[in-house]
Amino acid sequence: MRFPFDVTASRHPSRRSCVLARRGVVCSSQPLAAEAGLEMLRRGGNAVDAAIAAAAALTVTEPTSNGLGGDAFALIWADGRLHGLNSSGRAPALADAETLRRMGGIPREGWPAVTVPGIPAAWAEASRRFGRLPFAELLEPAVYYAENGYPLAPVVSRLWEGEFERFSPLAAEGLFRPWFETFAPGGHAPRAGDTVRLPALAASLREIAETEAESFYRGRLAREMDAWSRKTGGWLRYEDLAAHSPEWVEPMSVDYRGYQVWELPPNGHGLVVLETLGILDGLPAPDGSPEGVHRAVEALKLAYADGKANIAEPADMRCGAGEFLREGYLASRRALIGPRALFPEPGSPECGGTVYLCAADGEGNMVSWIQSNYQNFGSGVVVPGTGIALHNRGCNFSLDPASPNVLAPGKRPYHTIIPGFLSRAGRPIGPFGVMGAFMQPQGHVQALINMIDLGMNPQEALDAPRWQWYEGKSIGLEPGFDAGTAAELAARGHEISRGDPIDFGRGQIIWQSEDGTLCAATEPRADGGIAAY
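Residues numbered from 1 in each chain as written. Predicted model: local features only at pLDDT ≥ 70, side-chain atom pairs only at ≥ 80, totals over all residues. Heavy atoms only, no water.

(A) Quick look at the packing of helix H13 (residues 270-280) against helix H14 (residues 290-310). The interhelical angle for the contact between H13 and H14, taken along N-to-C directions, is 135 degrees, at an axis separation of 8 Å. Considering their axes alone, H13 and H14 lie oblique with respect to each other. Between H13 and H14 lies a crossing whose hand is right-handed. Contacts from Val272, Glu275, Thr276, Ile279 and Leu280 of H13 reach H14 at Arg295, Ala296, Ala299, Leu300, Leu302, Ala303, Tyr304, Asp306 and Gly307. Classifying every residue of the contact of H13 with H14 by side-chain character gives 9 nonpolar, 2 polar and 3 charged. (Axes fitted to C-alpha atoms, helices over the stretch in contact; angles between N-to-C directions. Helix = DSSP H or I, 4+ residues; strand = E, 2+ residues; numbered from the N terminus. Parallel < 35°, antiparallel > 145°, perpendicular 65-115°, else oblique. Left-handed = near helix turned anticlockwise from the far one by under 90°. Contact = heavy atoms within 4.5 Å. Nonpolar A, V, L, I, M, F, W, Y, C, P; charged D, E, K, R; others polar.)

Given below as structure tokens:
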């Protein structure tokens, strides 16, 4: 076993240690979901089968973050190389930006922010291409938990209570009654330890399993979504669902201090991670000092300014994603970083709520998988009798006609959910990810700095207190973040606040050693679990 870190080290307060295995491992924000994945490995399945089973179980055990009505992305190492899967959905054909401009914006509750869901199609597509077990078998644990019940975990309970409070003012509106009937049938959010049963969701999962997701896009479930949309004034139609198809894409990468960091190309914002690392790679390596943290924050701000101004449906971007990673452009952005906090502005290169899980098996297959409702339970729109909670990913569209990300029919929005992957000299090291909307690139960057620059093992890298840039010069720091570093950042002009750990992302990491030993870590900010053998 050869790792470039000490697997026994624990320099941050934590109740967790690295989990080591050889035959397979699954990391998830929910232990029951991780066990669902491990069950598939024990049945003779591979890492892709395990990831799909865990992902399906998460729609049941953590519906506060993802569900059948959300989107999914994946990076899959199989057949000796990395494959990218984008299953984000498009705006309905009836979507009308002008109507939303007259309304004053895109509301996060209700139909306007609903785009075509991509999660069930992602499961089916990944299974068809790389899976080993029958697709229906992969959803069995999810169906079991939805039908027979499971005890609610503490962090999910807290998120569920927050969503109950969010939707309570809408309880009298007919559009939102199915949410309360499905997710708060007792008139309140379930509490930690309560047994949660979701029978309608169980039936939908079983139908998706039996039809390999065809019912969801071109069958009964699609017709149910169409009917509810028509009845309650939505734009989503059967034809929008039928047109959905996941897309296999080529992952993008940058070299960072001898490692190759991989992300998916737009419409997701993995580009922000790569540009940040590209800027930092030309600076002294972060060493945990206030100066190192300052430079990392400033690099992230510059990359995010570019991302927010430019990332969109690839065909609508003014510049190709690769233009932001050219060394000449990275050098120009790097030169802007000085001793004081800056107010970031986008550059001009010359152009030619979410769950994250990861899995690896003993055969060399690895999966980095992420899926999301966007904002917790998403839009609050639940299709009666199905348990399908529809996401509100359309909130990430712009209504500015000049923006490349402006809402238009058939277009995919700027997307925040990003799976990551790490390799070195052509050898796969493993999947990593940190969920949490606009925190995700920031979590990726910090986890990588912790491991590559500071020599932390994966569990230490997740345990370490995080910073989060909000806007302008404003950054939040977790409780436990070093007070001296915080004071130095404030002296450099950063506007410092302290935040709740639950808002600083939740991640999972698998690192494979040179001899094939798997080192796995999960998130202390979640109810995370690792299943291994």
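(B) How the structure looks around the sheet that holds strand E9 (residues 259-263). Spatially, 7 strands are ordered E1-E20-E19-E15-E14-E9-E8 in an open sheet, and the strand pairing comes out antiparallel. One side of each edge strand has no neighbouring strand; the edge strands of this open sheet are strand E1 (19-21) and strand E8 (252-256). The average angle at which neighbouring strand axes cross in this sheet is 20 degrees, direction not considered. Bridge analysis of strand E19 (residues 506-512) against strand E20 (residues 518-522) gives 5 bridges, and the strand direction is antiparallel. Across the sheet, the residue bridging to Gln508 is Thr522, located in E20. Here helix H16 (residues 440-453) sits on the sheet and contacts E8, E9, strand E14 (420-424), strand E15 (427-435) and E19; the angle it forms with E15, its principal contact strand, is near 135 degrees. (Pairing = 2+ DSSP bridges.)

(C) Spatial organisation of the packing of aromatic side chains. Counted under the stated rule, the structure contains 20 aromatic pairs. Ring plane angle 5 degrees and centroid distance 5.8 Å describe the contact between Trp77 and Phe421, whose orientation is recorded as stacked. For Phe421, a relative accessible area of 0% puts it in the buried group. Through a chain of ring-to-ring contacts, three or more aromatic side chains come together here, namely Trp160, Phe164, Phe167, Phe176, Trp179, Phe180, Phe183 and Phe377. Between Lys308 and the ring centre of Phe438, over which it is positioned, the NZ or CZ distance is 5.0 Å. Its guanidinium or amino end placed over the ring of Tyr259, Arg424 lies 4.3 Å from that ring's centre, counting from NZ or CZ. (Phe/Tyr/Trp six-rings, centres within 6.5 Å; stacked < 30°, edge-to-face > 60°. Buried < 20%, exposed > 50% of the residue type's maximum accessible area, 1.4 Å probe, protein only. Lys NZ or Arg CZ within 6 Å of the ring centre and 35° of its normal.)

(D) Structural detail: empty space enclosed by the protein. The volume enclosed by the largest cavity comes to roughly 40 Å³. Considering the residues around the largest cavity, the lining is formed by Thr59, Pro63, Asn66, Gly67, Leu68, Phe183, Leu201, Gly387 and Ala389. (1 Å grid on protein atoms, 1.4 Å probe; cavity = no way out; pocket = protein on both sides within 12 Å on 5 of 7 lines; lining within 4 Å. Points joined across faces, edges and corners; volume = space filled by probe spheres on them.)

(E) Structural context of the nonpolar core. Val60, Trp123, Leu139, Trp160, Trp179, Leu205 and Trp369 are the most contacted members of the largest nonpolar core, which has 86 residues in total. The element contributing the most residues to this core is helix H2 (residues 47-61), with 12 residues. For Trp179, the residues in contact, after removing those within four places along its chain, are Glu163, Phe164, Phe167, Ala184, Phe377, Gly380 and Val382. Val273, Leu330, Ile429 and Cys519 belong to the second largest nonpolar core, which has 62 residues in total. (Core = buried A, V, L, I, M, F, W, Y, C linked by side-chain atoms within 4.5 Å.)

(F) Region of interest: the layout of surface pockets. Computed from the structure, the second largest pocket encloses a volume of approximately 400 Å³. Val293, Asn450, Leu454, Pro465 and Phe481 are the residues nearest the centre of the second largest pocket, which is lined by 23 residues in total. Of all the elements in the fold, those that place two or more residues in the lining of the second largest pocket are H14 and H16. Grouping the amino acids of the lining of the second largest pocket by side-chain chemistry returns 11 nonpolar, 8 polar and 4 charged.

(G) Structural context of the pairing of strand E17 (residues 474-477). The two faces of E17 match: Ser474 and Gly476 on one face and Ile475 and Leu477 on the other face are all buried. Connecting strand E16 (residues 467-471) to the next strand, E17, in antiparallel fashion are 2 residues, including Gly472 with a positive phi near 50 degrees. Alignment of E17 against strand E18 (residues 495-498), held across 4 bridges, turns out to be parallel. Residue pairing across strands places Ser474 opposite Glu495, the latter belonging to E18.

(H) Spatial organisation of the sheet that holds E18. Strand order across the open sheet formed by 3 strands is E16-E17-E18, with mixed pairing between neighbours. At either end of the open sheet lies a strand with only one pairing partner, and these are E16 and E18. Each adjacent strand pair in this sheet contributes to an overall mean axis angle of 30 degrees, direction not counted. On the sheet, helix H18 (residues 483-491) packs against E17 and E18 and is oriented at approximately 145 degrees with respect to E18.

(I) Representation of the pairing of strand E10 (residues 355-361) in the model. Extensive coverage of E10 is indicated by the burial of 7 of its 7 residues. Along E10, one buried face is formed by Val355, Leu357, Ala359 and Asp361 and the opposite face, lined by Tyr356, Cys358 and Ala360, is buried too. The sheet contact formed by strand E2 (residues 24-28) and E10 spans 4 bridges and is antiparallel. Residue pairing across strands places Gly24 opposite Asp361, the latter belonging to E10. Between the antiparallel neighbours E10 and strand E11 (residues 366-372) lie 4 residues, among them Gly364 with a positive phi of about 100 degrees.

(J) Local environment of the packing of helix H1 (residues 31-42) against H2. Where H1 meets H2, the axes come as close as 7 Å, and the angle between the chain directions of the two elements is 150 degrees. Relative to H2, the element H1 is oriented roughly antiparallel. In the packing of H1 onto H2, the handedness of the crossing is right-handed. Contact residues: Leu32, Ala33, Ala36, Gly37, Met40 and Leu41 in H1; Ala47, Asp49, Ala50, Ala53, Ala54, Ala57, Leu58 and Thr61 in H2. Residues belonging to the contact of H1 with H2 are distributed by class as follows: 11 nonpolar, 2 polar and 1 charged.

(K) A look at the environment of Val19. Following the sequence through the fold, Val19 ends up in strand E1. Sequence separation of Val19 and Ile311 is 292 residues, and the distance between their C-alpha atoms is 37 Å.

(L) Highlighting the pattern of salt bridges. Under the defined criterion, the tally for this structure stands at 34 salt bridges. Here Glu523 makes a salt bridge to Arg525, at a shortest N to O gap of 2.4 Å. Note on accessibility: Glu523 and Arg525 belong to one class, buried. By sharing partners, the salt bridges in this structure join Glu39, Arg43, Glu137 and Glu140 into a single network. (Salt bridge = Lys/Arg side-chain N within 4 Å of Asp/Glu carboxyl O.)

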